Structure formats: C-alpha cells, structure tokens
Amino acid sequence: MDATRQQEQRRGGGDGDRYGVLLYYKYADVPDACALAAFYEEHCRGLSLVGRVRVGPDGVNATLGGRMAALEKHIAEISSNALFDGTDFKLASCEDPVDEKVARECGFTSLSVRVVKELVTLCSNPTSAPPEISSAGRHLSAAEFHSVLQNVAGTSSVAVAPAKKKEVVVVDARNVYETRIGKFNAPNVETLDPEIRQYSDLPSWIDEHTEKLRGKSILMYCTGGIRCEMASAYIRSKGEGFENVFQLYGGIQRYLEQFPDGGYFEGKNFVFDHRISVGSLKENILGTCLICGSSYDDYSSRCRCNHCRMLVLVCPTCQDSNKEYVCELCQKNGKEHCQISTKQDCDIQIGISEPSGFEKTSISNHNVTSKVPWSNDSEQLKRLRILCLHGFRQNASNFKGRTSALAKKLKHIAELVFIDAPHELPFVYQPTQNHCSDKPSPPSATPKRKFAWLIAPNSSCNTEQDWKAADAPFDPLQYQQQTEGFEESYAYLEKAISQMGSFDGILGFSQGAAMAALFCRQQQKTCGAPKFRFGMFCSGYPAPVGDFDGEPIKLPSFHCFGNGEGHDRQIANRASTELAGLFQQDCCSILEHDMGHIIPTRSPYIDQIRSFLSSFL
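Nothing here was measured: the structure is a model prediction, and the numbers come from that model. (Residues numbered from 1 in each chain as written. Predicted model: local features only at pLDDT ≥ 70, side-chain atom pairs only at ≥ 80, totals over all residues. Heavy atoms only, no water.)

**Let's talk about the overall build of the protein chain**
What counts is decided by this rule: Under the DSSP-based scheme used, a helix requires at least four consecutive residues in state H or I and a strand at least two consecutive residues in state E, with every element numbered from the N terminus. Buried, partly exposed and exposed residues are distinguished by accessible area as a fraction of the type maximum, computed with a 1.4 Å probe on protein chains only: under 20%, between the cut-offs, and over 50%, respectively. In what follows, a contact means two residues having at least one pair of non-hydrogen atoms within 4.5 Å. Here the accessible surface of atoms and residues is derived via Shrake-Rupley with a 1.4 Å probe, and residues count as covered only by protein chains that are part of the display.
Within the protein chain, the regular secondary structure consists of 17 helices and 23 strands. Considering the protein chain as a whole, with its 617 residues, one finds that 55% of them fall into the buried category. For the protein chain, long-range pairs separated by at least 24 residues make up 76% of all intrachain contacts whose partners lie at least 6 apart in sequence. Split by element, the accessible area of the protein chain, about 25,900 Å² in all, is 47% carbon and sulfur.

Here is the structure:
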C-alpha cells in the first residue's frame, strides 16, 4: 500500500492522544484462525484497544477503538502481514466515549476477540453453503459510484456499461433501523430498501424481488463494505441476468470522506461504535419519532421494540420508561403493545433441584434458530441466544421444563436452547422397603433417559431397559468423583455448536456449570478466547478435571448460587465461590440467594439476571 493512500486513510485530525475508531475487514484464507485470534488478543490488549475482532477461516472483521497513536501502531503491525495486502483501513478521529451505556452496548468498554465460522452470516440456515466470495460484485470507488448516480443515462468508462435510467437500480444492503436515518437518494434512480431487521433476511428479500433485479445494473452499498461482498456474490450466483453487480468500495464511510457535503447521501450514516451515527455537512434529518412523527434521528437512548428488540427512534418528549414500543415492521405484522413489565414479575420461583434418578420426565426436541454475529457492519438485533447445559442425571427436556419460569421472564431478551449431555446413565432408583415383599420394588413408570457431562471412573454408561437399585443413598458430594468423560463431552459440544449455529452465551446448572467452565477454559487454551460473549454458571463448582493453569478464564461471567447458610445441600457455597474465582474478576458478577439448589426467578434475583443479560443486547 503506497504512502499517500496510508495517509489518506488515517486522516481525521488531532494528535496521537486523541481517540479514534478503526474499521476494516479482509476476506482471505486464514490457515490457523485460532493462532491469529490469539495474536489479536495479545496485540490489541498491549495497545489498550477495545472493540470487536472476528477471525474466521475466510478472513478478519474488526471494529476497534483507542488512542490514535495506538490504532496507527496496530495498522502498521497488521499491514506487515501479507495476509492483509490491499486492506482498506478506515480510521477516524473522534471524541472519547462519554455515554457508558452506549459504549457498553457497542462493545467499546472491553476487547472481544472471537473465532467464528464465517465473518458475516448471510444465510440463517447453517446447513446452506454461503456464496463464493470470489464472485462478489466489482468494486466502485466513491467517485465512480457518484459518477454513475450523476449520469445514469450516459456511460461511465470505469464503471458500468451504457444504461438507461430504468436499467440502473440501487440496493441498500443494510437493516431498516439504519436506513431510517440515512440513505442514498439520486433523482431518477430507483433505490430499493429491503426493510429487513437483520442481514440474514436479505437473501429472502433478494429471492422475492429477482424480477426487479434481473437484467439491471445493480449498485449496492452498506456502512463499510463487508455486507455488500457476500450479498453481491449471492445475487451474481443466480446466473444469467444478474451479472452486472457493483458495490461501493469502503461503503458510506468512504463516500462521505470523498463528498463531505453528503453528495447523493442524505441524513446520517449509522455506525456500530459509540459514535452511533456520522453525518455530512448538510446535517439534514431523515428519521422520525416512532410515537409523534417529529423529525428525529438520535439512537443514543437505545429504545427498542418490545417484540423484536430492534432499535427504534423515540424523541425525548415521548420517551417513558413505562412505555412499550412496537417498531413499524412489527406493526405491519399486526403486533400490538404488550403488557410485559412489572405485572409479570410476580413472586414466583422455580425449583431446579438436581435429581438422584427419581423424577419421571420425557425427552422432547428443541427448536433452534440462528442469529447474526457481531461485525462492524451488523448489530445483534435478535434475542440473545444461550446454550443451556443441564445438571447430572437430567436431560434437555427435564431442564427446559424446570427453567420454564426463567425462560418466560427472559423471553424478550433471551432464547434458551437446551441440549442433552453425551453420557447416557443407567436407570437407578433408591430402594424403599415394600411391606408386602422382602424385596424393594422399583418405580412402576417407564424409565426416562438421563445424561451426564462428567462421570465417575469405571461408571457403566451402557443403558438397560429396566430400573436398577442404587448401590447406596444419594451422596451430595458425588460430583467430586466425576472426573472422566470431559474429552467426549467437549468434542460433542463443539460438533453440536457447529451444527446448531453460534451462541451469544452459555448457561450451565450444577454439573452443567462445571462443564461450561471447562469448555470455556479449553477454548481459551486452544483458540485464545472462549467463543461465547458471556457465561452464566448456576450452582456450579470447579470440576476435578484438568488444570486451569492459574490463568483466569477471560469471559464476562454471572455466578448464581446459594449463600453460606446451608440452603444448597448439594453444592456448597464455597465450591461455587471457588468456581467464580477462576474467572476474570473485573467482569465477574455474583448473585447469592437463599433459595437452595435452584435458579431463582423472583425479584430481586431476576432483576439482576436481566441486568446482566441486557448489557449484551
């Protein structure tokens, strides 16, 4: 990359002490994503950078914040790697983050480095192969893009073939909450706004509007460019009639740098960092308040639709903490205001006592949905997706039923996905003397399968069709002897996650919490960082398996367990406290309760759980 280009990319004014934001992505074959992620973790922390880095086998996507001098050092270091040849580093000087809530939501209070399957998820179906990125549309510079819009009836030697006005169409590849506050608008040029909630909805929109696109010269744009790469490849994969696809190189950000008066772009460019949006010199307002319809385009209040959790614009006059908002898309689908706040937070709790093989439950399938991962061009809009690990001698259906109250109270911010452990246990029961017989009689019900993440040495995992009497009374300290089976469980979870799609967080109860901690620790050792954004560990304990090597697990964590009054008779308070101590302490939250071996769902406990999860929305 030549020096002139480097200087142009780094402009933004101010000296090295000023704050800055850096965005870049690079599609390339990454031979060892875990090693590259580990490098990012060490290098960015050394420069005190915050933000998000996603590393996949197909490349890197980064949104970073910090001092300009540190960001310039980062660019210099990354540029020395041939993998990043030709990368467009978009660096802008700006004010320091002042709104802690906004900074936290945008990931600008800490560093998050994750290994992902793909940089951006275009299709929500994990079994569908993404389009070949090599087939992406041709890049147009900001000047070239502007020239086409300026003269769609003529020719452009560097851009598109001769075209009549009706043969050029502009497609906005962003989400509807972004297009509310800013979009391209050129006279006599048709601009299509898909009005989607999330990027993974775009393929369906394209499929439904192929006739509007067939045979046209299609100009695509997004915030920084990465979404257009995959979306343009998807359009071109449709074959004949879809060859002429072009994308704005560097996105709206580069266009506004080239045309500071806004050019053909009106309003503000929504960005995924603490700045929220960036405007041109025109400072015109496109957005309107959801409630009163007045001109308004400030998302700093972070108001969200109560149904889909999408950002909505609500002016200060209409903002009310007791109000519930319904976005325009939900209104079109017939959704109405729902009363979900304090009235549902009645004093109800659900017991999740870890069984000894006596309860009778059934197995049921769980539904799986996908989400869009964080990237510099996409924002988490769906509910948080949490993988839930049950306790010893439980199963997914049993755990799902016992956490139904929790799921109900979190339904607007989290989706709980349940999975069976891989080690199937024998059917056992505690013998009780039958007065009519010298032999103890087993339960009459048909036994239901039970599972474990960790098992004791020499345990029999060959299931039988009949009940078997337990050798001894239930031992509350049995977890201390469950030292085997981790490798099988780890591989099982890795495969399950790859098939089910990525998750925001992991929740474990009792032995499930022990396994969740082991899983995150192992990911940190092998990949540099856990794959989850957070972990929740309920009535957990440090499994007597392996060694944590003294290094804390670098994951925001929430630990919920009984206090030291002896209320939890299965897992001692000190064991759960010890587990919490294995995590990075500056992002570790602890909730102690007097409810026993359960996850409490009454106030104030549920409020603390909600507060923790809300910080990741």
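Alright, that's what it looks like, and here's the rest.
**Comments concerning the pattern of salt bridges**
Filter applied, for reference: Whenever a carboxyl oxygen of Asp or Glu lies within 4 Å of a side-chain nitrogen of Lys or Arg, that contact is scored as a salt bridge.
All chains considered together, the criterion is met by 20 salt bridges. Put simply, Asp88 and Lys90 hold a salt bridge, and the shortest N to O gap is 3.6 Å. Residue Asp88 shares its accessibility class with Lys90, and that shared class is buried. The partner of Arg610 in a salt bridge is Asp607, and the shortest N-O contact between them spans 3.6 Å. You can see Arg610 and its partner Asp607 sitting in helix 17 (residues 605–614), three residues apart, about one turn around the helix. Among the residues examined, Arg610 registers a relative accessible area of 18% and is labelled buried. Bridged by salt links that share partners, the residues Asp88, Lys90, Arg254 and Glu257 form one connected network.

**Observations concerning the side chain of Lys216**
Inclusion rule: Two N or O atoms form a polar contact when they lie within 3.5 Å of each other; inside protein one atom must be a possible hydrogen donor and the other a possible acceptor, and for residues adjacent in sequence the pair counts only when both atoms belong to side chains.
Relative to the assigned elements, Lys216 resides in the loop between helix 8 (210–213) and strand 10 (217–221). Within the structure, the side chain of Lys216 is placed 3.3 Å from the backbone oxygen of Lys212, a separation counted as a polar contact.

**A few points about the packing of aromatic side chains**
Rule in force here: By convention, a stacked pair of Phe, Tyr or Trp rings (six-membered ring in the case of Trp) has centres within 6.5 Å and planes under 30 degrees apart, an edge-to-face pair has planes over 60 apart, and any other such pair is tilted.
Evaluated as defined, the whole model comprises 24 aromatic pairs. Pairing Phe270 with Tyr299 gives two aromatic rings, centres 5.6 Å apart and planes at 80°, and the pair type is edge-to-face. With Phe270 in strand 12 (residues 265–270) and Tyr299 in the loop between strand 13 (277–279) and helix 11 (328–332), this pair connects stretches of sequence that are 29 residues apart. The burial state of Phe270 is the same as that of Tyr299; both residues are buried. Three or more aromatic residues joined by ring pairs make a cluster, and in this case those are Phe145, Phe184, Tyr221, Tyr255, Phe259 and Phe265.

**A short note on the packing of helix 5 (residues 142–150) against helix 10 (residues 251–258)**
This is how it is decided: Each axis is a line fitted through C-alpha atoms, taken for helices only over the stretch in contact, and angles between the N-to-C directions span 0 to 180 degrees. Roughly parallel means an angle under 35 degrees; roughly antiparallel means over 145; roughly perpendicular covers 65 to 115; every other angle is labelled oblique. Classification convention: Asp, Glu, Lys, Arg as charged; Ala, Val, Leu, Ile, Met, Phe, Trp, Tyr, Cys, Pro as nonpolar; all other residues, Gly among them, as polar.
With their axes 9 Å apart at the nearest point, helix 5 and helix 10 run at an angle of 85° to one another. The angle between helix 5 and helix 10 falls in the class roughly perpendicular. Where helix 5 abuts helix 10, its residues Ala142, Ala143, Phe145 and His146 lie against Arg254, Tyr255 and Gln258. Residues that form the contact of helix 5 with helix 10 fall into these classes: four nonpolar, two polar and one charged.

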